[in-house]
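Per-entry structural report
The chain contents come next:
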Amino acid sequence: MSQELSGKWYMVNRSGLIEVDISKDSIINRSLFTDLAPKNDEVRSNEIVKTVHLEDRILIITPSMRDTTVYSVMTLINYSDNRYFQMAWNGIDTTSNSVDSLIEIHSQDNRKLYGYNVFSEEYLDSLNSLKAIEKMPLEDFKKFAREYVDRIKMTKKEFKKYNIGYAAVTYNFQLLTQSLYEVGYNPLQNTRTIEPLFKKYFDDPEVQSILNEVRK
């Protein structure tokens, strides 16, 4: 599985991309602008101790970033033919000094997992060829808003357990870009491109009605 996942992958955030470079024995993360230019020279590297493919998820086991004497797990779900996977935000955060015990804990976990989209380097050109949000008509915006609200409603209860600090901002922006992708638009966006889209259609009564469902 490490070999299958090897390569560069990209997660969208509010100001650019997070590059996740996976090799057979390590993961390297760095922050990029949307055009793939590095934001700074800072990189975060971690050793891959073991990769395990369970029935509904992939476990990447690494030394914990907080305490390298124990192991932690990055949980990947919905792997899709080298196009993308999702990095679970509600995966188990247990650490252990035993790799086997971590695998057993995750093997017994039957909860519904939700994740952030992480796209392969090879798939970026296809994403950029999707429809541009600057040209989105009102009817498509309503479809996008409906998808976005439905995703909030589906995950809202679970996310309350994980709403700590900056997590809420990351979670919300991910739902926005996932919704764009689901309705056929380029998800490689940032706040500067998405905010004008909302301003353009926010005053439409039907759009307001859809977005107000989040408060119920």
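What counts and how
Residues numbered from 1 in each chain as written. Predicted model: local features only at pLDDT ≥ 70, side-chain atom pairs only at ≥ 80, totals over all residues. Heavy atoms only, no water. 1 Å grid on protein atoms, 1.4 Å probe; cavity = no way out; pocket = protein on both sides within 12 Å on 5 of 7 lines; lining within 4 Å. Points joined across faces, edges and corners; volume = space filled by probe spheres on them. Helix = DSSP H or I, 4+ residues; strand = E, 2+ residues; numbered from the N terminus. Nonpolar A, V, L, I, M, F, W, Y, C, P; charged D, E, K, R; others polar. Phe/Tyr/Trp six-rings, centres within 6.5 Å; stacked < 30°, edge-to-face > 60°. Buried < 20%, exposed > 50% of the residue type's maximum accessible area, 1.4 Å probe, protein only. Lys NZ or Arg CZ within 6 Å of the ring centre and 35° of its normal. Arc of directions from axis to C-beta. Polar contact = N/O pair within 3.5 Å; in protein donor to acceptor, adjacent residues only side chain to side chain. Core = buried A, V, L, I, M, F, W, Y, C linked by side-chain atoms within 4.5 Å. Contact = heavy atoms within 4.5 Å.

1. Here's the deal with the layout of surface pockets
Each pocket or cavity is described by its volume, and for the largest pocket that value is around 1800 Å³. For the largest pocket, the lining is made up of 46 residues, of which Arg44, Met65, Arg66, Met74 and Met87 are closest to its centre. Every element with two or more residues in the lining of the largest pocket is listed here: β1 (7-13), β2 (16-22), β3 (26-32), β4 (44-47), β6 (58-63), β7 (71-80), β8 (84-88) and α5 (167-182). When its residues are assigned to classes, the lining of the largest pocket shows 23 nonpolar, 15 polar and eight charged. Approximately 360 Å³ is the volume attributed to the second largest pocket. Secondary-structure elements contributing two or more residues to the lining of the second largest pocket are β7, β8, β9 (115-120), α4 (138-159) and α5. If one sorts the elements of the lining of the second largest pocket by residue count, α5 sits on top with five residues.

2. A look at the packing of aromatic side chains
A complete count under the given rule lists 15 aromatic pairs for this structure. An angle of 80 degrees between the planes, with centres 6.0 Å apart, marks the rings of Tyr84 and Tyr181 as edge-to-face. Of the two residues, Tyr84 sits in strand β8 while Tyr181 sits in helix α5, which places them 97 residues apart along the sequence. Taken individually, Tyr84 and Tyr181 each receive the classification buried, so the pair is uniform in this respect. With 5.4 Å between their ring centres and 80 degrees between their planes, Trp89 and Phe159 make a pair best called edge-to-face. Here Trp89 is found in the loop between β8 and α2 (99-107), whereas its partner Phe159 is found in helix α4, with 70 residues between them in sequence. The pair formed by Trp89 and Phe159 is uniform in burial state, with each residue classed as buried. Three or more aromatic residues joined by ring pairs make a cluster, and in this case those are Tyr84, Phe119, Tyr123 and Tyr181. The aromatic ring of Phe33 is capped on one face by Lys39, whose charged end is 5.8 Å from the ring centroid.

3. A word on helix α6 (residues 191-201)
For α6, the complete set of buried residues consists of Ile194, Leu197, Phe198 and Tyr201. Projected down its long axis, α6 carries its buried residues within an arc of 95 degrees, all on one side. Of the residues in α6, the exposed ones pointing more than 90 degrees away from the buried face are Arg192 and Lys199. For α6, the N-terminal capping position is held by Asn190, with its side-chain oxygen 2.9 Å away from the main-chain nitrogen of Arg192.

4. Details of the nonpolar core
Core analysis: the biggest nonpolar cluster contains 51 residues, and Leu5, Ile22, Ile60, Leu76, Met136, Phe141 and Phe144 have the highest contact counts within it. Element by element, the count of residues in this core is highest for α4, at seven residues. Once residues lying within four places of it in the same chain are set aside, the contact partners of Leu5 are Ile22, Ile58, Ile60, Leu76, Tyr79 and Phe85. Ranked by size, the runner-up nonpolar core spans eight residues in total, among them Val52, Leu59, Val99 and Ile103.

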